[in-house]
Structure formats: C-alpha cells, structure tokens
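Commentary on secondary and tertiary structure
Next come the chains, spelled out residue by residue.
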Amino acid sequence: MEELEKITEKKAGLSTWPQAGILWMKEHGFEVENIEVFDYERFIREGLKYLQEFYGEEAGQWQEKYSDIPKEQQRCKDFIQKINTEKRLPDFNDIKKFVDEGYLVLCLINAMTLENKEGYSGHVIVVIGYDDNGLFMHDPGPPPIENRYVSWQDFENAWAFPDEKVKSITAFKRLNS
C-alpha cells in the first residue's frame, strides 16, 4: 500500500484521483487505453464548477471536501498531453473486449451505490473478469475485497452515478505481453 500511495501521490485525508497512477503506468511500460466524455480542458479551466456540473452537486461537494482540486487541474495538463482519450461513452462491450485482450480495466464508481447505501463516495475498482451475469473485480475497499463478484445491473448503477455520462474506462496492459 505504501508503494501504491507513492505512485498515486496519495495525500493523507484526501481521495486519490486516478490520473497520477495512469501516468505512472504509461511511463513504466504499460499500454493505456482511456474512454470517457469528461472534458479535461474545461476541468483545467473551471475546476470545481465543472466537476459540479458534470458529476452533480452531491459528487461535486464530495470532490471539494476530499480533493486537492488545484493539484488535479495541474496534473490533468500532463494527462491530456500523454494519455490518448477516446471521447465517447464506454459500455459493457468495451469492458468485455479489454478483459478478453488481457487488460486490467479501471472504472470509477460510486461506492455507496455499490453497497446499496445513500450518498456519494468516489471509488476506483479493477475489473479482472466477467460472465453472462456480472463481473469480477478487485475492490481496494476498505476493506479490500479480491475477486468480488457484482451483477451487471448493480455495477451499472454504481458506474453510471448520477447518470450515464460519468462512465469511464481506463485499461492497462504491459507492452509486449
């Protein structure tokens, strides 16, 4: 966990945005595929205002409380230069395709929805497999749960919170593997 906190530039008491880890993966020999409609240019310019517009008031307030937004705006300048993003909404077929091709798939979700609770808590999980009814993922918790199984519908509810436009996928695979 200590090494992961260094890689993701974790700050005590704050959430970890995925961009630091994604950049680290790219710089350390991983192929990175990113699919989402999030407008990084607008986030860089508008910060919290854009987050509240894109994710909604509840998630925006959570980000304001648990993020270093100016730091993430700066990091996103590097992110858009180094990480190619396909600007469209991802779907289950994208997850299946990447898993079938040997990628690990990161998805941003609302952890509260996944736990059938009210509210918002930004969270990243790693999809490692699937079947006809759902997917297998590593959930860093707390508490961490390896090989957690979630139905496609329950995953969709957490992935598309507060609505479908927030869905994103970042897939990683070691180059030449």
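Residues numbered from 1 in each chain as written. Predicted model: local features only at pLDDT ≥ 70, side-chain atom pairs only at ≥ 80, totals over all residues. Heavy atoms only, no water.

A look at the overall build of the protein
Stated formally: Put simply, DSSP H or I for four residues or longer makes a helix, DSSP E for two residues or longer makes a strand, and each gets a number counted from the N terminus. Every radius of gyration here is taken over C-alpha atoms, with the globule rule written as 2.2 Å times N^0.38, N being the number of residues. Between buried and exposed lies partly exposed: a residue is buried under 20% and exposed over 50% of the maximum accessible area for its type, with that area taken using a 1.4 Å probe on protein chains only. Between two residues, a contact is recorded if the distance between any of their heavy atoms is within 4.5 Å. Calculation of accessible area relied on Shrake-Rupley with a 1.4 Å probe; when residues are assessed, cover is drawn exclusively from the protein chains displayed.
Within the protein, the regular secondary structure consists of nine helices and seven strands. Whereas a compact globule of 177 residues would reach a radius of gyration of roughly 16 Å, the protein reaches 15 Å, a difference of no more than 12%. Each principal axis of the C-alpha distribution contributes one length, and for the protein these read about 40 × 40 × 35 Å. Looking at the protein as a whole, 43% of its 177 residues are labelled buried. Across the protein, the fraction of contacts at a sequence separation of at least 24, relative to all contacts at a separation of at least 6, is 59%. Per element, the accessible surface of the protein, about 9,600 Å² overall, is 49% carbon and sulfur.

What about the environment of I22?
Within the element layout of this structure, I22 appears in helix 2 (residues 19–27). Separated by 84 residues in the primary sequence, I22 and L106 place their C-alpha atoms 9.8 Å from one another. Those residues in contact with I22 that lie beyond four places of it in its chain are V32, F79, I83, T170 and F172.

Looking at the state of the cysteines
Our working definition: The criterion for a disulfide is a pair of cysteine sulfur atoms lying within 2.5 Å.
Scanning the model with the defined rule gives zero disulfides in all. Free of any disulfide, C76 has its nearest neighbouring cysteine sulfur in C107, separated by 18 Å.

Section: the nonpolar core
Stated precisely, the cut-off is as follows: To form a nonpolar core, buried Ala, Val, Leu, Ile, Met, Phe, Trp, Tyr and Cys residues must be joined to one another through side-chain atoms within 4.5 Å.
F38, F43, L51, Y55 and F172 are the most contacted members of the largest nonpolar core, which has 24 residues in total. At the level of secondary structure, the elements contributing two or more residues to this core comprise helix 2, strand 1 (30–35), helix 3 (40–46), helix 4 (48–55), helix 5 (57–66) and helix 6 (69–82). If you tally residues by element for this core, the top one is helix 4, at four residues. Beyond its immediate stretch of four places on either side in the chain, F38 contacts F43, Y50, L51, F54, Y55 and K87. With 20 residues, the next largest nonpolar core counts I35, F98, V99 and V150 among its residues.

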